Amino acid sequence: MQFAVIVFPGSNCDHDCYHAIKDVLKQPVRFVWHKETSLGDAEVVILPGGFSYGDYLRAGAISRFSPIMKAVSEHAREGRPLLGICNGFQCLTESGLLPGALRRNESLRFVCEEVWLKCETSRTPFTCGIEPDEILKMTIAHGEGNYFCEPGTLAELEDNNQIVFRYTDADGSVSPEANPNGSMNNIAGICNLAGNVVGLMPHPERSCDSLLGGEDGLQMFMSVLRMVASS
Amino acid sequence: MITTDTHATREMALDHGLSATEWEKIKEILGRKPNVTELGVFSAMWNEHCSYKSSRIHLKKFPTQGPHVLQGPGENAGVVDLGEGLAVAFKMESHNHPSFIEPYQGAATGVGGILRDIFTMGARPIAVLDSLRFGAPEHPRTPYLVGGVVGGIAGYGNCVGVPTVGGETKFHPCYNGNILVNVMCAGIMRSDAIFRGTASGIGNPVIYVGAPTGRDGIHGASMASAGFDDSALEKRPTVQVGDPFREKLLLEACLELMKCGAVVGIQDMGAAGLTSSSVEMAGRAGTGLLLRLDSVPCREEAMTPYEMMLSESQERMLLVAEKGRESEVREIFQRWDLPMSVVGEVTGDGRLRATFGGDEVAELPVSSLTDDAPTYDRPRETERGLPLDDPLDKLPEPEDLGATLLKMLAHPNHGDKKPIWRQYDYKVRTNTVTLPGGDAAIIRLKGTHKALALTTDGNARYGMLDPYKGGMLAVAEAARNICCVGARPLAITNCLNFGNPERPAVMAQFSSSIDGMAQACRSLGLPVVSGNVSFYNETHQVDIYPTPIIGMVGLLDDIQKRVGHGFASQGDVIALIHPKDEAPLPHACAHEYVWMETGREGGDAPSISLDAEKAVQAACRRGIEMDFVRSAHDLSEGGLGIALAESALSSLKSGLGAEVWLPEQEGRLDGLLYGEAASRILVSVSPQSVNALQEAVQSCGAELTRIGRVQEDAFVVKTPDNVPLIDLAMPDIVAAWSDALSEVL
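We now turn to the structure provided with this report. Everything numeric here is computed off the predicted structure, so don't read it as measured data.

### Points about the interface of chain A and chain B
It is common to report an interface's size as the accessible area lost on association of the parts.
Now for step 1: In this complex, chain A contributes 27 residues to the contact, which on the side of chain B involves 32 residues.
Now for step 2: Of the roughly 2600 Å² buried between chain A and chain B on both sides combined, carbon and sulfur atoms contribute 55%.
Now for step 3: Our count for the chain A to chain B interface comes out at 6 salt bridges.
Now for step 4: In this structure, Asp209(A) and Arg444(B) form a salt bridge, with 2.6 Å as the shortest nitrogen-oxygen distance.
Now for step 5: Summed over the shared surface of chain A and chain B, the result is 13 residue pairs in polar contact (both at pLDDT 80 or more).
Now for step 6: The element contributing the most residues to the side of chain A that touches chain B is strand 6 (residues 111-119) of chain A, with 4 residues.
Now for step 7: Of the residues assigned to the side of chain A that touches chain B, the class counts are 12 nonpolar, 7 polar and 8 charged.

Dropping the structure here:
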């Protein structure tokens, strides 16, 4: 299954995604430069983490104007799997492919640490292999991960089962203490109404190897592999 | 014909930080007075920061050779062979003066500079470590400086996407007026694709890439070559502003360019910008350079040749390409949206010539700027910095040793540094095997079974007590840290932070410290492959303690054979690896403890036998390699007491504590618990493996002594006759430790 990792100037988790897909998942993957206009035969598209355009202005605010984003939007509209990780999530909200926005962390500081996440839905291509309520361990590394949206939008997200991950403590309870950035309702990741576009702040590509402290993130890539293969 | 309408004068030379003698020497070399631009070039190349004029004769004492050394000192970074076609490029640099004046940008551009030193060698940076020294925690400026420096390192490193994986942060009033920000970077490369800063091939184009030049940072290198007084903060405009996004583009563009084969030589425009990069590249190749300054991309209007030559604008590189391949270079840099401009060519006349607006504005022999730069054997006079009496003698023996432990753990020197390192992205690039805070960081090498071990270390108090021993101890401890994770030390970089070299006492410290380091390097087989000297760390004529910081790289041949410093399992035996024929814990001054209790410093630096040290390190590595050792942690400041607490606090399963009996030894029990004996490693081992480990340790010429066991929940230290000295619950220890940085960050 062909994966594409979009490379914006300033992307810095592009190599990590590439490595996870190619060397761990053993699937074909290629980098797609932001100035390109076609995704070719890519079945799964990933917007990686980093600091596209230095995060100047706002995280993701400039990268959404990149030429490739037109093809990415089309890919999403066609209902095909699109995953935005960290800066990629920020780019998805900036470009309107996902609702809401990611504000500065409540602490006003960058934070890098392991967090626990509860998977809230298996209806997305990236979580279809994960049991609802399963607790995963992943790493966050961001300064602007504080998810925010209008109250009406938040209600819709909850009602439509669009919240994909919430920050929890190790035993799965959703508490203010488990929230690393002040996000609404402990949101760590969401999807669009159709479910094919997923954005999350934690880095699944960093949790694909037991040597580095866990393989929970690999489940997201395995999910999409299984789903696309069976469709 | 050189433009001479702007003759420099003696007064201008003095204003540029040159001495009267140096001014005379310049006139003698040229056979005329320099113009203002030329004077600027001389002052930039002959200042302490670029010329190493006070340190050069001493630095020659370091061993720099080894079978695995691919590149020693003199280049942008040292390079060491790792086998399997891979090599590591690494270096450490200081950014002390700018970081004191403007902590965020000072630290950020410190990171930027060292990253460029690494990728200019053709290596991809894979890890950053920071060795930081701040003033007293209660000093009013300390929180501002800590917040700014940590923020700057995070802001720059996180954005570029190079993980900050380790380092150390310490506080002492000797840094109240001069903080230290030393940044080490390591990069990975193919061992057959090393790039160097040489301008060879007459007629080859000289190409400027990266950010346009502005007026920022002019005389930055000169600022770093003088001490501070009340006007220090007025120097703020000389600190450059970093743009990590541009650095990331430059990094990717340069690495891509190096693959295409058009690059002859390449160098970062660091301190003294265009001047030092062009002069050093020509100097190494024995060539000359013609620079057409009209072609230099400028950010500001009406910039003069003087400003262009001396600007320290960040994120710029100078490279020499093969003639006729300019368009390939242009194509790659256009793709990355970076300015690229051919600014000159390599010449055969051995001169640095610069033209601007049709005039020749500088015309200087390259060798006059490099080889003829003054070197000084400055006067040295040994002065004892601290009293020889052990201040422990004046301290009444405390009734509650547990309280002293909690007090030390609650001090920022020993407390949990997580509030610092959680601001760094220590995991990007998915190679970081251990969390920051261990004895050494472990970075896996993808595609192999190997990993790098990286550490920085330094103890200024030992340097102040005895510079020679302090130098030895710094190297020995760094190597011990590498061995504590199971790796084999390979080579060293260093940052030598000292006061004003014009003071004989400082120069004596510097010279002795290097003697000590060099001795330890020779004994332990560790070449010094790169480094940096930072003098003039003084304010109001008060110098910092001599602070040589060692950055070390080690190699783990099998990444599975590694340990951390936290206890692994309840019931494991706790033991000390120590030199044979020595007590497990001999008498040694409890410097850190006494200082925290009384504010006094004195006594002797720890004794060290390098042969014994070598045996202890080998024993630790062997124990890890044979899977006997389950945790290893070296004893340093705070001795056994602090090492035990740290191993408990970092245990794999939270809540693990210890029950330990102090070994028999004459003298006070508090002195024994916190005594800072060198060459000691605290290990934990499963009960079934203790005897086997003992054999392995002895076969390496060292000794193993059991002192206790890992237990749940409680932290207990007893006298040899089983009288409890410390009996604390782990949650109380955790509470004291984890909140220690709250007053400074």
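Picking up after the structure, the text goes on.
### What about a nonpolar patch on the surface?
Residue and element names in this part refer to chain A.
Now for step 1: On the surface, a cluster of nonpolar side chains totalling about 300 Å² of accessible area is made up of Tyr-56, Leu-57 and Ile-62.
Now for step 2: With respect to the helices and strands, Tyr-56 occurs in the loop between strand 3 (44-47) and helix 2 (68-77).
Now for step 3: For Tyr-56, a relative accessible area of 35% translates into the label partly exposed.

### Thoughts on helix 13 (residues 326-335) of chain B
In an α-helix, one turn spans 3.6 residues, which is why side chains three or four residues apart end up on the same side.
Residues and elements named next belong to chain B.
Now for step 1: Buried within helix 13 are the following residues: Val-329, Ile-332 and Phe-333. Across the axial projection of helix 13, the buried residues extend over an arc of 95°, all falling on one side. Along helix 13, the residues that are exposed and aim more than 90 degrees away from the buried face are Glu-331 and Gln-334.
Now for step 2: Of the surrounding secondary structure, the elements contacted by the buried residues of helix 13 are strand 7 (205-210), helix 10 (244-260), strand 10 (316-321) and strand 11 (340-347).
Now for step 3: A positive backbone phi angle near 55° is found at Asp-337, which sits one or two residues after helix 13.

### Remarks on the pattern of salt bridges
Any two side chains of opposite charge can pair, so long as their charged atoms come close to each other.
Residue and element names in this part refer to chain A.
Now for step 1: A full pass over the atoms with the stated rule returns 58 salt bridges over all chains.
Now for step 2: In this structure, Lys-137 and Glu-114 form a salt bridge, with 3.8 Å as the shortest nitrogen-oxygen distance. Remark: Glu-114 occurs in strand 6 and Lys-137 occurs in strand 7 (residues 135-142); sequence separation between them is 23 residues.
Now for step 3: Look at Lys-137 and you get partly exposed, because its relative accessible area is 25%.

### Considerations on the side chain of Arg480(B)
Residue and element names in this part refer to chain B.
Now for step 1: Note that Arg-480 resides in helix 18 (residues 467-484).
Now for step 2: A relative accessible area of 2% places Arg-480 in the buried class.
Now for step 3: Reaching out from Arg-480, the side chain makes a polar contact with the side chain of Glu-613 at a distance of 2.8 Å.
Now for step 4: The residues contacting Arg-480, other than those within four sequence positions of it, are Glu-613, Gln-617, Asp-634, Leu-635, Ala-678, Ser-679, Arg-680 and Ile-681.

### Notes on the pairing of strand 17 (residues 528-534) of chain B
Residues and elements named next belong to chain B.
Now for step 1: In terms of burial, strand 17 is largely enclosed, as 6 of its 7 residues are buried.
Now for step 2: Note that strand 16 (residues 488-497) and strand 17 share 6 bridges and pair parallel. The residue of strand 17 that forms the bridge with Leu-496 is Val-533.
Now for step 3: Between the parallel pair strand 16 and strand 17, the chain is carried across by helix 19 (residues 504-524), and the sense of this crossover is right-handed.

### Focus: the side chain of Ser679(B)
All names here are of chain B.
Now for step 1: Inspection of the secondary structure assignment puts Ser-679 in the loop between helix 23 (669-674) and strand 24 (681-685).
Now for step 2: Within the local environment of Ser-679, its side chain forms a polar contact with the side chain of Glu-613, the two groups lying 2.6 Å apart.
Now for step 3: Each residue touching Ser-679, except ones within four places of it in the same chain, is listed here: Arg-480, Ile-577, His-578, Pro-579, Ile-608, Glu-613 and Val-616.

### Quick notes on the packing of aromatic side chains
Residues and elements named next belong to chain B.
Now for step 1: The full count for this structure, using the stated rule, is 12 aromatic pairs over all chains.
Now for step 2: Their ring planes at 85° and their centres at 5.1 Å tell us that Phe-42 and Trp-46 sit as a pair that is edge-to-face. Linking Phe-42 with Trp-46, this pair stays in helix 3 (residues 36-46), spanning 4 residues, or about one helical turn.
Now for step 3: Note on Trp-46: relative accessible area 0%, which makes it buried.
Now for step 4: Judged by centre distance (5.0 Å) and plane angle (90°), the ring pair of Phe-498 and Phe-510 falls under edge-to-face.

### Things to note about helix 21 (residues 610-625) of chain B
Now for step 1: The terminal C-alpha atoms of helix 21 of chain B, which comprises 16 residues, lie 22 Å apart, in line with the 22 Å expected from a rise of 1.5 Å per residue.
Now for step 2: Of all the positions in helix 21 of chain B, only Leu610(B), Ala612(B), Glu613(B), Ala615(B), Val616(B), Gln617(B), Ala619(B), Cys620(B), Gly623(B) and Ile624(B) are classed as buried.

### Re the environment of Pro436(B)
Residues and elements named next belong to chain B.
Now for step 1: As for its placement among the helices and strands, Pro-436 is situated in the loop between helix 16 (418-421) and strand 14 (441-444).
Now for step 2: Residue Pro-436 is classed as buried on the basis of its relative accessible area of 9%.
Now for step 3: With 15 residues separating them in the primary sequence, Pro-436 and Trp-421 have C-alpha atoms 6.9 Å apart.
Now for step 4: Each residue touching Pro-436, except ones within four places of it in the same chain, is listed here: Thr-164, Val-165, Trp-421 and Tyr-426.

### Some points on the sheet that holds strand 16 of chain B
All names here are of chain B.
Now for step 1: The mixed open sheet is built from 5 strands, whose spatial order is 14-15-20-16-17. Edge positions in the sheet fall to strand 14 and strand 17, since each of these pairs with one other strand and no more. Ignoring strand direction, the axes of neighbouring strands in this sheet form an average angle of 20°.
Now for step 2: In this structure, strand 16 lies alongside strand 20 (residues 547-556), joined through 9 bridges in antiparallel fashion. Counted as the bridge partner of Ala-491 is Val-553 from strand 20.

### Some thoughts on the packing of helix 15 (residues 401-409) of chain B against helix 22 (residues 639-649) of chain B
Packed helices, taken two at a time, are described by the angle between their axes plus the distance between the axes.
Residues and elements named next belong to chain B.
Now for step 1: Interhelical geometry of helix 15 versus helix 22 gives an angle of 70° and a closest axis separation of 11 Å. Here helix 15 is positioned roughly perpendicular relative to helix 22, judged by the angle of their axes. Regarding helix 15 and helix 22, the two cross each other, and that crossing is right-handed. Facing helix 15, whose interface residues are Leu-405, Met-408 and Leu-409, helix 22 presents Gly-641, Ile-642, Ala-645 and Leu-649.
Now for step 2: Class assignment of the residues belonging to the contact of helix 15 with helix 22 gives a composition of 6 nonpolar, 1 polar and no charged.

Thresholds, definitions, all that
Residues numbered from 1 in each chain as written. Chains lettered and ligands numbered in written order. Predicted model: local features only at pLDDT ≥ 70, side-chain atom pairs only at ≥ 80, totals over all residues. Heavy atoms only, no water. Contact = heavy atoms within 4.5 Å. Buried area = accessible area lost by both parts, 1.4 Å probe. Salt bridge = Lys/Arg side-chain N within 4 Å of Asp/Glu carboxyl O. Polar contact = N/O pair within 3.5 Å; in protein donor to acceptor, adjacent residues only side chain to side chain. Helix = DSSP H or I, 4+ residues; strand = E, 2+ residues; numbered from the N terminus. Nonpolar A, V, L, I, M, F, W, Y, C, P; charged D, E, K, R; others polar. Patch = residues over 30% accessible without salt bridge, like charges linked within 9 Å, V, L, I, M, F, W, Y side chains within 5 Å. Areas by Shrake-Rupley, 256 points an atom, 1.4 Å probe, with all protein chains shown as cover. Buried < 20%, exposed > 50% of the residue type's maximum accessible area, 1.4 Å probe, protein only. Arc of directions from axis to C-beta. Pairing = 2+ DSSP bridges. Right-handed = clockwise from strand over helix to strand, strands pointing away. Phe/Tyr/Trp six-rings, centres within 6.5 Å; stacked < 30°, edge-to-face > 60°. Expected span 1.5 Å × (residues − 1). Axes fitted to C-alpha atoms, helices over the stretch in contact; angles between N-to-C directions. Parallel < 35°, antiparallel > 145°, perpendicular 65-115°, else oblique. Left-handed = near helix turned anticlockwise from the far one by under 90°.

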